[in-house]
Amino acid sequence: MWIVELLVVLFFIWLGARLGSIGIGYAGGFGVLVLSLGFGLKPGDIPFDVILIIMGVIAAIAAMQEAGGLEYLVQVAARVLKKNPKYITFLAPAVTYFMTLFAGTGHTAFLALPVIAEVAKKEGIRPSRPLAIGTVASQIAITASPISAAVVFVASALEPVGVDYVKLLLITIPSTFIACMLGAIITNFMGKELKDDPVYQDRLAKGLVKDPSESVEEKVLPPGAKLSVLIFGLAIVCVVFYATAISPTVGLIKKPILARDHAIISFMLAAASLIALLCKVKTNNIVNAATFKSGMSACICVLGVAWLGTTFVSAHLKEINILAGDLLASKPWMLAVVLFFAAMLLYSQAATAKALMPVALALGVSPVAAVAAFPSVSALFVLPTYPTLLAAVEFDDTGSTRIGKYVFDHPFLIPGVLTITFAIVLGYVFGRLIL
């Protein structure tokens, strides 16, 4: 019977992927209904902790966006990219990586992608190279962001086995960033040069390629733009300091009043309040911000998909242990493979980690293997339907960033797979040194 139930889970994941966007969450909740009423399974735990962290962080980011803070960050990034255009393939992933690291969401890449495409085209560099690795970097940086729901959840899951928040970040930040730079080296040689690309030549002849000199000038920022970034940045510093202080490794605060996830939520909402007050933001406009809409959509996705996963897993943990326990014990690298394919379908780092990481730890996967495999939850680039991936294709009017007719033949796949592979290997290296 559990095989039939697994097929039900896979069907609703497929249905969610077909619906796309928030539909993934809808289908997940539908699947829980079928499993509970149709097969008698007890509904699993709803991932309230992950959802609330996403909501808190997105609330602060949306306030900062409404104050002009995100536009200010993009202008700073644009100056860096335009000052060193020859190195766009390396600077693009660095920019998108640190924007995600800072904001805790990969959706900030939307703002940087048009600048990356413009700078590459102006320099005569194939835009698919920086756009591909830049998009991948924005996704993998989630596993290194101090305020991402995925990091906070995995840190709490690993704490009982000796890996706290501080140790996790000490491993994931250097391993993922170095991996992105290694991925950029390989990506820099992928595809024909722009001037030799027949698709580009055809589009150029038809007048479909916009002259990069026609780029829009920098917008005039609202008065509170820089202040909003400062407030948000200070909130992140407070989160990191508090989370470090309560970790068993440091132990500055022995009996914390606030748990780590509660601290992140409260600091983020406090930052949003200060931004609204000091930067004179109209709070009724915040709900219309692009980051707010995408963040709330992500909450529904995590709610449905992670709930579907925990419902099935909690009901069949014994069977999973029989089938996968010995395999993961002898071949711990298989966890990375499982997380990779799960993330490919679930479209959420937090949902993937929530659904599978506790199971892996319960099956006896070592802490080092679990931490090293963690970046695999960033395999959101495999199917060419993720929003930032589609945006990168849309922003490149040269046609170099295109999706082929065989679904998987797109420029994001190889850079993404290689970057995650590098991150896993480096995670093992840093994990052995730190743990």
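Thresholds applied
Residues numbered from 1 in each chain as written. Predicted model: local features only at pLDDT ≥ 70, side-chain atom pairs only at ≥ 80, totals over all residues. Heavy atoms only, no water. Helix = DSSP H or I, 4+ residues; strand = E, 2+ residues; numbered from the N terminus. Rg over C-alpha atoms; globule rule 2.2 N^0.38 Å. Buried < 20%, exposed > 50% of the residue type's maximum accessible area, 1.4 Å probe, protein only. Contact = heavy atoms within 4.5 Å. Areas by Shrake-Rupley, 256 points an atom, 1.4 Å probe, with all protein chains shown as cover. Lys, Arg positive; Asp, Glu negative; His and termini not counted. Charge placed at Lys NZ, Arg CZ, Asp CG, Glu CD. Expected span 1.5 Å × (residues − 1). Salt bridge = Lys/Arg side-chain N within 4 Å of Asp/Glu carboxyl O. Patch = residues over 30% accessible without salt bridge, like charges linked within 9 Å, V, L, I, M, F, W, Y side chains within 5 Å. 1 Å grid on protein atoms, 1.4 Å probe; cavity = no way out; pocket = protein on both sides within 12 Å on 5 of 7 lines; lining within 4 Å. Points joined across faces, edges and corners; volume = space filled by probe spheres on them. Nonpolar A, V, L, I, M, F, W, Y, C, P; charged D, E, K, R; others polar. Polar contact = N/O pair within 3.5 Å; in protein donor to acceptor, adjacent residues only side chain to side chain. Axes fitted to C-alpha atoms, helices over the stretch in contact; angles between N-to-C directions. Parallel < 35°, antiparallel > 145°, perpendicular 65-115°, else oblique. Left-handed = near helix turned anticlockwise from the far one by under 90°.

Trainee: Before we move on, could you go through the overall build of the protein chain and cite the residues and values that matter?
Mentor: Helices and strands together make up the secondary structure of the protein chain, namely 20 helices and zero strands. Here the C-alpha radius of gyration of the protein chain, 22 Å, is about what a compact globule of 435 residues would show, namely 22 Å. Reported as C-alpha extents along the three principal axes, the dimensions of the protein chain are approximately 60 × 50 × 45 Å. The burial tally for the protein chain puts 54% of its 435 residues in the buried class. In the protein chain, the share of contacts with a sequence separation of at least 24, taken over all contacts with a separation of at least 6, comes to 81%. Of the roughly 18,900 Å² of accessible surface on the protein chain, 69% is carried by carbon and sulfur atoms. Charged side chains in the protein chain number 30 positive and 24 negative. The centres of these two groups are separated by 3 Å.

Trainee: Explain helix H12 (residues 260-278) to me, and be specific about the residues and the numbers.
Mentor: Between its first and last C-alpha atoms H12 spans 27 Å; for 19 residues at 1.5 Å apiece the expected length is 27 Å, and the two agree. Of the positions making up H12, those classed as buried are Arg 260, Asp 261, Ala 263, Ile 264, Ile 265, Met 268, Ala 271, Ala 272, Ile 275 and Ala 276. Positioned one or two residues after H12, Lys 280 has a phi angle of 55°, which is positive.

Trainee: Let's hear about the pattern of salt bridges: which residues, and what values?
Mentor: Under the defined criterion, the tally for this structure stands at nine salt bridges. Between Glu 159 and Arg 260 there is a salt bridge, and its shortest N-O distance comes to 2.9 Å. A residue pair is termed long-range when its members are at least 10 positions apart, and Glu 159 in the loop between helix H8 (149-158) and helix H9 (165-187) and Arg 260 in helix H12 qualify at 101 residues. By relative accessible area, Arg 260 is classed as buried at 9%. For Asp 197, the salt bridge goes to Arg 402, with nearest N and O atoms at 3.3 Å. Note that Asp 197 is positioned in the loop between H9 and helix H10 (198-205) and Arg 402 in the loop between helix H19 (387-395) and helix H20 (413-434), a separation of 205 residues in sequence. Look at Asp 197 and you get buried, because its relative accessible area is 1%. Assessed through its relative accessible area of 33%, Arg 402 is described here as partly exposed.

Trainee: Just give me the short version of a nonpolar patch on the surface, but keep the residues and values in it.
Mentor: Together, Leu 227, Leu 230, Leu 234, Leu 274, Leu 277 and Leu 278 make up a nonpolar patch on the protein surface, roughly 570 Å² of accessible area in all. Residue assignment for the nonpolar patch shows that the elements contributing at least two residues are helix H11 (225-246) and H12.

Trainee: An account of the environment of Ile 253 is requested, with residue identities and associated values reported.
Mentor: Along the chain, the position of Ile 253 falls in the loop between H11 and H12. Residues Ile 253 and Tyr 242, eleven residues apart in the sequence, show an inter-C-alpha distance of 8.5 Å. Discounting chain neighbours no more than four positions away, the residues touching Ile 253 are Tyr 242, Ala 245 and Ile 246.

Trainee: Let's hear about the layout of surface pockets: which residues, and what values?
Mentor: Considering only enclosed or pocket space, the largest pocket measures out at about 740 Å³ in volume. Lining the largest pocket are 28 residues, with Leu 6, Val 313, Ile 320, Val 338 and Leu 356 sitting closest to its centre. The element contributing the most residues to the lining of the largest pocket is helix H16 (residues 334-346), with seven residues. Class assignment for the residues of the lining of the largest pocket results in 26 nonpolar, one polar and one charged.

Trainee: Give a detailed account of the side chain of Ser 400, specifying residues and quantitative values.
Mentor: Residue position: Ser 400 is located in the loop between H19 and H20. A polar contact is formed between the side chain of Ser 400 and the backbone nitrogen of Ser 128, at a distance of 3.1 Å. For Ser 400, the residues in contact, after removing those within four places along its chain, are Arg 126, Pro 127, Ser 128, Leu 194 and Asp 197.

Trainee: Tell me about the packing of helix H7 (residues 128-140) against H19, residues and numbers included.
Mentor: Two elements in contact, H7 and H19, have axes separated by 10 Å at closest approach and are oriented at 160°. Taken together, the axes of H7 and H19 lie roughly antiparallel to each other. Relative to H19, the crossing made by H7 is right-handed. Here H7 contributes Leu 131, Thr 135 and Gln 139 to the contact with H19, which in turn contributes Thr 388, Leu 389 and Ala 392. Across the contact of H7 with H19, the residue classes break down as three nonpolar, three polar and no charged.

Trainee: How would you summarise the environment of Tyr 72 if you had to cite specific residues and measurements?
Mentor: Note on placement: Tyr 72 falls in helix H4 (residues 69-83). Look past the residues within four positions of Tyr 72 in its chain and what remains in contact with it is Leu 221, Ala 225, Lys 226 and Val 229.

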